[in-house]
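Remarks on the overall topology
Below, each chain spelled out in residue letters.
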Amino acid sequence: MSSPEIADFLERLSARDADAARLAGRMLEAGWSVRRLDGPMQMDVWQLLLDRGACSVRFGMERGRSDGVHVADRAGAYRPLAEVMAGSATPADDPTILDWLNQQSGHSAP
């Protein structure tokens, strides 16, 4: 998968969910790996999966709308970031969210 495809996805996501696109970009810069990038598929469906250590994060769009940010649980099901962080003192829109995700992945530094 080439960088222009990722850049195209992030640009498209940014127009629909700037916070999610910014987080995905920061994660990529911090060394998270692209496991999968699909799209565009029928009904303008896109999916970007980023992995690092024990953590997997999903960014997606369907019919031109952002699905938001989802984090895989231990069973591999993706749950909304805000739901996963419910027990955390860090709000989902806080700039330190990347630190929280890195801790979940087992990497405390980028």
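First, a word on what this report is: a plain description of the structure on this page. Everything numeric in this text was worked out from a predicted model, so none of it was measured.

Structural notes on the overall build of the protein chain
Each helix and strand counted, the protein chain has 4 helices and 5 strands in total. The order of α-helices and β-strands along the protein chain, N terminus first, is α-α-β-β-β-β-β-α-α. Burial status across the protein chain gives 37% buried among its 110 residues. Put simply, 39% of the contacts in the protein chain that link residues at least 6 apart link residues at least 24 apart. Of the roughly 6300 Å² of accessible surface on the protein chain, a fraction of 46% belongs to carbon and sulfur atoms.

A few points about the pattern of salt bridges
Scanning the entire structure with this criterion turns up 6 salt bridges. A salt bridge links arginine 35 to aspartate 51, with the shortest nitrogen-to-oxygen separation between them at 2.7 Å. Of this pair, arginine 35 sits in strand E1 (residues 33–41) while aspartate 51 sits in strand E2 (residues 45–52), placing them 16 residues apart in sequence. Of the residues examined, arginine 35 reaches a relative accessible area of 46% and is grouped as partly exposed. We note a salt bridge from glutamate 83 to arginine 79, for which the minimum N-O separation is 2.8 Å. What makes glutamate 83 partly exposed here is its relative accessible area of 44%.

Examining the pairing of E1
Note that E1 and E2 share 6 bridges and pair antiparallel. Directly across from valine 34, in E2, lies its bridge partner leucine 50.

Observations regarding unusual backbone geometry
Residue proline 40 is bonded to the preceding glycine 39 through a cis peptide linkage, with omega at -10°. Its location among the elements puts proline 40 in strand E1. Although it is not a glycine, arginine 63 sits at a positive phi angle of roughly 50°. For arginine 63, the position within the fold is in the loop between strand E3 (55–62) and strand E4 (65–72).

Reading the values: rules and limits
Residues numbered from 1 in each chain as written. Predicted model: local features only at pLDDT ≥ 70, side-chain atom pairs only at ≥ 80, totals over all residues. Heavy atoms only, no water. Helix = DSSP H or I, 4+ residues; strand = E, 2+ residues; numbered from the N terminus. Buried < 20%, exposed > 50% of the residue type's maximum accessible area, 1.4 Å probe, protein only. Contact = heavy atoms within 4.5 Å. Areas by Shrake-Rupley, 256 points an atom, 1.4 Å probe, with all protein chains shown as cover. Salt bridge = Lys/Arg side-chain N within 4 Å of Asp/Glu carboxyl O. Pairing = 2+ DSSP bridges.

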